[in-house]
Amino acid sequence: MQSPGSPPSLGKNTLRRQLLTQRQSMPVEQWRLLSQALCQQVLDSPLWAQSKTVLAYMTFRQEPDLSWLFRQGRDHLWGLPRCVGKHLMWHRCNPLDPQMLKKGKYGILEPYPECPELSAGEVDLILVPAVACDRSGYRLGYGGGYYDRLLATPGWSVLPTMGIVFEQHLLDRLPTEPWDLPLQAICTETGILSKAFSP
């Protein structure tokens, strides 16, 4: 396993597999406690305080669970993604209401198509799931490119973004491609890294 301080000698696919295996082996109680601590960090952040409509995700493969944030953030409006072809469509919905969600093509809960669509102009903050992030703001995703395409799209590219990962998956440096774009902030259970990323 690549340690947080080591250079990105592993390719993205190998690193992704290793980190996913590590994350999914985390004891459930530890996962719940770390997830709640991470949600509290989001709640305490300036980006949260400045937002009203937030795009989030439904946990999958032991990603940090945002359920506690959904419960604490009832004064916010929420959007969740739906995979359509190679793109994400965003819909306003209540992530705590199971009647508004169904399993999508990857087995992830997503909104029904009938839920109201959200445009970039209605959004204040995007909470971005990741396998790992690094201290320069770069993200290792799942390989489908959905968020890469979204965040390179006019209108969406200027929105505040916060990567959501556990501290053990915040690495010093990830392998990157020329088209990779850094996120605006990274949140772990121990705090927030913002635009002033370490070199």
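Residues numbered from 1 in each chain as written. Predicted model: local features only at pLDDT ≥ 70, side-chain atom pairs only at ≥ 80, totals over all residues. Heavy atoms only, no water.

**Q** Account for the nonpolar core, naming residues and giving values.
**A** Across soluble globular proteins, you tend to see nonpolar side chains buried next to one another. Core analysis: the biggest nonpolar cluster contains 29 residues, and Val42, Leu66, Leu69, Trp78, Leu127, Met162 and Ile164 have the highest contact counts within it. Counting only elements with at least two residues in this core, the list comes to helix 2 (28–43), helix 3 (46–49), helix 4 (67–72), strand 2 (77–84), strand 6 (125–129), strand 9 (161–164) and strand 11 (185–188). The element contributing the most residues to this core is helix 2, with six residues. Ignoring anything within four residues of it in the chain, the contact list for tryptophan 78 reads Trp48, Val54, Ala56, Leu69, Phe70, Gly73, His91, Arg92, Cys93, Pro95, Leu118 and Leu127. Formed by 20 residues, the second largest nonpolar core is a distinct cluster that contains Trp90, Ile126, Trp156 and Leu170. (Core = buried A, V, L, I, M, F, W, Y, C linked by side-chain atoms within 4.5 Å. Buried < 20%, exposed > 50% of the residue type's maximum accessible area, 1.4 Å probe, protein only. Helix = DSSP H or I, 4+ residues; strand = E, 2+ residues; numbered from the N terminus. Contact = heavy atoms within 4.5 Å.)

**Q** Tell me about the pattern of salt bridges, and please be specific about residues and values.
**A** When the charged atoms of two side chains with opposite charge come close together, those side chains can pair. Evaluation of the coordinates by the stated rule reveals four salt bridges. With its nearest N and O atoms 3.3 Å apart, the salt bridge here joins glutamate 122 to arginine 92. Taken together, the residues span a long stretch of sequence, with glutamate 122 in the loop between strand 5 (109–111) and strand 6 and arginine 92 in strand 3 (residues 87–92) at a distance of 30 residues. Assessed through its relative accessible area of 33%, glutamate 122 is described here as partly exposed. (Salt bridge = Lys/Arg side-chain N within 4 Å of Asp/Glu carboxyl O.)

**Q** Residues and numbers for the sheet that holds strand 11, please.
**A** Spatial strand order, 3-2-1-6-9-11-12: seven strands in an open sheet with mixed pairing. Strands with a single pairing partner mark the edges of an open sheet, and in this sheet they are strand 3 and strand 12 (191–193). Recorded for the sheet is a direction-independent mean angle of 25° between the axes of neighbouring strands. Inspection of the sheet shows strand 6 paired to strand 9 by four bridges, in the parallel sense. Counterpart to leucine 127 in the pairing with strand 9 is methionine 162. Contacting strand 6, strand 9, strand 11 and strand 12, helix 2 crosses the sheet at an angle of about 140° to strand 11. (Pairing = 2+ DSSP bridges. Axes fitted to C-alpha atoms, helices over the stretch in contact; angles between N-to-C directions.)

**Q** With reference to specific residues and values, describe the side chain of glutamate 110.
**A** Positionally, glutamate 110 belongs in strand 5. Of the buried charged residues, glutamate 110 lacks a salt bridge, with lysine 102 as the closest side chain of opposite charge at 4.0 Å. (Lys, Arg positive; Asp, Glu negative; His and termini not counted.)

**Q** Give a description of the environment of tryptophan 90 that names residues and reports values.
**A** Relative to the elements of secondary structure, tryptophan 90 occurs in strand 3. Given a relative accessible area of 2%, tryptophan 90 falls into the buried group. Between the C-alpha atoms of tryptophan 90 and glutamate 117, which are 27 residues apart in sequence, the distance is 5.7 Å.

**Q** Break down unusual backbone geometry for me, citing the residues and quoting the values.
**A** Despite not being glycine, arginine 61 shows a phi value in the positive range, around 55°. Structurally, the position occupied by arginine 61 is in the loop between strand 1 (53–55) and helix 4. For arginine 61, a relative accessible area of 37% gives the class partly exposed.

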